[in-house]
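Commentary on secondary and tertiary structure
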Amino acid sequence: MAITLGPNQYGKAEVRLVTVRRDGPVHHLKDLTVSTSLRGELAATHLTGDNAGVLATDTQKNTVYAFAKEAPVGEIEDFALRLARHFTGTQGNITGARVKVDEHGWDRIAVGGEPHDHAFSRSGDERRTTAVTIRDGRAWVVSGIDGLTLLKSTGSEFHGFPRDEYTTLAETDDRILATAVTAKWRYEGEGIDWAESHREIRRLMLETFATKHSLSLQQTLYAMGAAVLEARPEVAEVRLSLPNKHHFLVDLSPFGLKNDNEVFYAADRPYGLIEGTILRDDAEDPGPAWDIH
Ligand SMILES: O=c1[nH]c(=O)c2[nH]c(=O)[nH]c2[nH]1
């Protein structure tokens, strides 16, 4: 029985790339997931382990990040074409390349009806939620928002934290702050215009995220909940669960490129998870709180 190598390809899957183009105070965001896959004369590595023709998948990933800095990403079709032509044009044994790019949409957060310069909410994925509990004939309504992803490309710092022998995190006075909001708020009473209340609570949380200069996600969390309680008397308590969706600056210096807060690796895990409850101190106590959430 003869065994042969059939069709094969290799590449880096799902490179998470976020770029911020800074035109003065107005920032433009691109959020892409890029996958590369190369084909060609690759028998040697499979059959003998000779890697002379294997452009490392790590190099393919670096190329994605470096290309994002060397010229504006532009339309995803153009970006994919540039990358695919590069791989097939520079590696003698690579005769085919497939570059897939998914673009994730972001809308500018509206503040006072005007699109914000550097704060965005991701399109899609968001859900409006409610959980109603009847206990001893009494109704408790807890409504909320799930999967509302927000990002600000400046206006966020994190420093002053303790440094022990395990601390490596650099202090920063300008970072991307991104999160996916899970919010639950407990209503006081029932005769409420639920739709209007939801719309206004959402607006208050988004505007606060956009405009509050952040020294920590914890501070932003508190400000978002407090803004709701200050403006909406029908709400007794707000609970927020905010993952810190880290965006790491890509080190482009090995390629002779400077990264002025423009090219980021959007990590999906692990992530910080910041959670908290913001309460009105005169709110009625619903009893064991988790029963109604
Ligand atoms: O806003 C933040 N809060 C933290 O507690 C924390 N921890 C960390 O590593 N980065 C951040 N950012």
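The numbers attached to residues start from 1 for each chain and follow its sequence in the written order. Totals for whole chains, interfaces and linings use every residue, but because this is a predicted model, local features are given only for residues with pLDDT of at least 70 and side-chain atom pairs only at 80 or more, for both listing and counting. Calculation of side-chain values draws on the structure's entire complement of heavy atoms; hydrogens and water are dropped beforehand.

**Remarks on the overall build of the chain**
Along its length, the chain carries 5 helices and 12 strands. Radius of gyration here is computed from C-alpha atoms only, and the compact-globule reference equals 2.2 Å multiplied by the residue count raised to the power 0.38. Its C-alpha atoms give the chain a radius of gyration of 24 Å, more than 25% over the compact-globule value 19 Å for 293 residues. Principal-axis analysis of the C-alpha atoms gives the chain an extent of 75 × 55 × 45 Å. Buried means the residue's accessible area, taken with a 1.4 Å probe over protein chains only, is under 20% of the maximum for its type, while exposed means over 50%, and partly exposed covers the values in between. Among the 293 residues that make up the chain, the fraction classed as buried is 44%. Residue contacts follow a heavy-atom distance rule, with two residues in contact if any of their heavy atoms lie within 4.5 Å. Sequence separation of at least 24 residues holds for 67% of the intrachain contacts in the chain that already meet a minimum separation of 6. Of the roughly 15,600 Å² of accessible surface on the chain, 50% is carried by carbon and sulfur atoms. If the 33 positive side-chain charges of the chain are averaged to one point and the 44 negative ones to another, these points end up 4 Å apart. A run of H or I in DSSP counts as a helix once it spans at least four residues, and a run of E counts as a strand once it spans at least two, with each numbered from the N terminus. For the area figures, the Shrake-Rupley method with a 1.4 Å probe applies, and any residue is considered shielded solely by the protein chains shown. Neither His nor the chain termini are counted; the positive set is Lys and Arg, and the negative set is Asp and Glu. Each charge is placed at NZ for Lys, CZ for Arg, CG for Asp and CD for Glu.

**Details of the UniProt feature "binding site: urate" (unreviewed entry) in the chain**
UniProt positions are given in the numbering used here, feature names are shortened, and annotations may be inferred rather than shown by experiment. The feature "binding site: urate" (unreviewed entry), as given by UniProt, occupies Thr 57, Asp 58, Phe 158, Arg 175, Gln 218 and Asn 244 in the numbering adopted here. Spatial dispersion of the annotated residues is evident: they stretch over 188 residues in sequence, and the largest pairwise C-alpha distance comes to 37.2 Å. Position of Asp 58 relative to the elements: it lies in helix α2 (residues 57–70). In terms of polar contacts, Asp 58 uses its side chain to reach the side chain of Lys 61, at 2.9 Å. Its location among the elements puts Asn 244 in strand β9 (residues 235–244). Other than its neighbours up to four places away in sequence, Asn 244 contacts Arg 175, Leu 177, Ala 178, Leu 217, Tyr 271 and Gly 272. In protein, a polar contact means a hydrogen-donor-capable atom and an acceptor-capable atom, both N or O and within 3.5 Å, with residues adjacent in sequence counting only if both atoms are side-chain atoms; elsewhere, any N or O pair within 3.5 Å suffices.

**Examining the UniProt feature "active site" (unreviewed entry) in the chain**
When the UniProt feature table is mapped onto this chain, "active site" (unreviewed entry) is found at Lys 12, Thr 57 and His 246. Separation in sequence by 235 residues is matched in space for these annotated residues, since their most distant C-alpha atoms are 22.8 Å apart. Mapped onto the fold, Lys 12 is located in the segment before β1 (15–23). With sequence-adjacent residues up to four places away left out, Lys 12 is seen in contact with Val 34, Ser 35, Thr 36, Thr 57, Asp 58, Gln 60 and Lys 61. With respect to the element layout, Thr 57 can be found in helix α2. Overall, Thr 57 belongs to the partly exposed group, its relative accessible area being 24%. Among residues more than four places away in sequence, those in contact with Thr 57 are Tyr 10, Gly 11 and Lys 12.

**Remarks on the pattern of salt bridges**
Salt bridge, as used here: a side-chain nitrogen of Lys or Arg that lies within 4 Å of a carboxyl oxygen of Asp or Glu. As enumerated under the stated definition, the model contains 18 salt bridges in all. Salt-bridge contacts for Glu 207 lead to Arg 203; the nearest nitrogen and oxygen are separated by 3.3 Å. Within this pair, Glu 207 and its partner Arg 203 are both found in helix α4 (residues 194–211), separated by 4 residues, close to a single helical turn. Among the salt bridges present, the one from Glu 237 reaches Arg 239, with a minimum N-O distance of 2.6 Å. Under the relative-accessibility criterion, Glu 237 is labelled buried at 3%. Each member of the salt-bridge network shares a partner with another, and the members are Arg 16, Asp 31 and Arg 122.

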